[in-house]
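The residues making up each chain are set out below.
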Amino acid sequence: MSSRAFVFIVPIVVIAVFWLMARWESRVHKDASRKGYFERNGKTLGIAFILLVAFWMLFLVVLPYLYMVVESFHPRLPPTERGGPNDVLTLAQYESFIVLPTGGTNWTHINAFIFSIIASMAVTALNFAICYPLAYYMAQAGTPQKVRLILLGLIVPYWVNEILRAFSLRLLLASKGLINNILVGIGILDTPIDFLGNNVGLYVGLSYAYLLVMIFPLYNAIESLDKNQIEAARDLGAPWWRIHKDIVIPYAKPGIASGCTMVFMFSAGALAAPLFLGGPRTLWFTSVIYNFFFQAFNWARGSAYAFILLFACIALVMLMLRLFKVSLGETIK
């Protein structure tokens, strides 16, 4: 089978498999009170939605990814040699992640990969620590007026482009930036802190970039919790930490899983924040991939590295979902 035929056959197979899975699930978990898709949306709108989503997924997601899959199994060749006798399927691009073409272990890229994964996990934990109290206040304690003001304050900054936000944070956190000037000016510090060199700016920038991605799933999950359960726990003398541990967090587990999954995936695949806010000794794995595509023009190796990152992130997310006993379907409710 040729590479071109593979690129067009695989989407059809994937769509067929998902359609069969959806049909099977609808029969197993049949709900007589639930209306069908076309009953809810009408035939015209239903067909239009299906066509629009199919066009988006097929031409902007599936086919580009499949092209990268095929490209990752080919050697780097000049255009004139593509399709010739030297254009064979190979695992060399994936092997180059571990072993350099010149020999020896590729510790530079391995360390960049490990650092990116660990830093993304740290950003996810930091984002959850920031967003959970705020989401709980908005969903259970805040008045409608205060909730609207908080939502406005959260959303308005995101009208600004991500690159401009990252550059603004760089100006604030620089050695001669506003924060250091204030701290030195009022006598708290004698010398400026190198926030950017110590990767503080990187963690702040990534956490700020994906704040909304975490807070809205948490807010939606906690808002549907019956307040009477919390009041009953308080009347029985439960401390605040026990209420959150035994009532709120277990109930909001799908929202927590959804927010953490998206923040982790977006952080691992981020490019602007690591480039603008990372330290001089920091190498983010997506920057390595970017350089292969747009600096070295080695699309085959860049594609292989991109799929190594993708599969590692998916495997880690599935492991965490399994560990915390959350199904994949619960994260998209």
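See the structure shown above.
Everything quoted here is computed from the prediction, not taken from an experiment. (Residues numbered from 1 in each chain as written. Predicted model: local features only at pLDDT ≥ 70, side-chain atom pairs only at ≥ 80, totals over all residues. Heavy atoms only, no water.)

Visitor: In this structure, what is going on with helix α12 (residues 240-251)? I would like to understand it.
Guide: Every α-helix winds through 3.6 residues per turn, so residues three or four apart in the chain are directed the same way. The end-to-end C-alpha distance of α12, which contains 12 residues, comes to 16 Å, matching closely the 16 Å that a straight helix rising 1.5 Å per residue would cover. For α12, the full list of buried residues reads Ile243, His244, Ile247 and Val248. Across the axial projection of α12, the buried residues extend over an arc of 125°, all falling on one side. Where the residues of α12 are buried, they touch α5 (107-141), α10 (211-223) and α11 (227-235). (Helix = DSSP H or I, 4+ residues; strand = E, 2+ residues; numbered from the N terminus. Expected span 1.5 Å × (residues − 1). Buried < 20%, exposed > 50% of the residue type's maximum accessible area, 1.4 Å probe, protein only. Arc of directions from axis to C-beta. Contact = heavy atoms within 4.5 Å.)

Visitor: Hey, could you run me through the side chain of Ser120 in this one?
Guide: Here Ser120 lies in helix α5. Given the relative accessible area of 0%, Ser120 is considered buried. At 2.7 Å, the side chain of Ser120 forms a polar contact with the backbone oxygen of Ser116. Polar side-chain contacts of Ser120 include one of 3.2 Å to the backbone nitrogen of Ala268. Ignoring anything within four residues of it in the chain, the contact list for Ser120 reads Phe264, Ser267, Ala268 and Trp284. (Polar contact = N/O pair within 3.5 Å; in protein donor to acceptor, adjacent residues only side chain to side chain.)

Visitor: Which parts of the structure should I look at to understand the layout of surface pockets?
Guide: Over the atoms rolls a probe the size of a water molecule, and its path tells where empty space is left. Empty space within the second largest pocket amounts to approximately 520 Å³. Forming the boundary of the second largest pocket are 17 residues, of which Thr124, Ile256, Cys260, Met320 and Phe324 lie nearest the centre. Secondary-structure elements contributing two or more residues to the lining of the second largest pocket are α5, α13 (253-268) and α16 (299-323). For the lining of the second largest pocket, a count of residues per class yields 14 nonpolar, 2 polar and 1 charged. (1 Å grid on protein atoms, 1.4 Å probe; cavity = no way out; pocket = protein on both sides within 12 Å on 5 of 7 lines; lining within 4 Å. Points joined across faces, edges and corners; volume = space filled by probe spheres on them. Nonpolar A, V, L, I, M, F, W, Y, C, P; charged D, E, K, R; others polar.)

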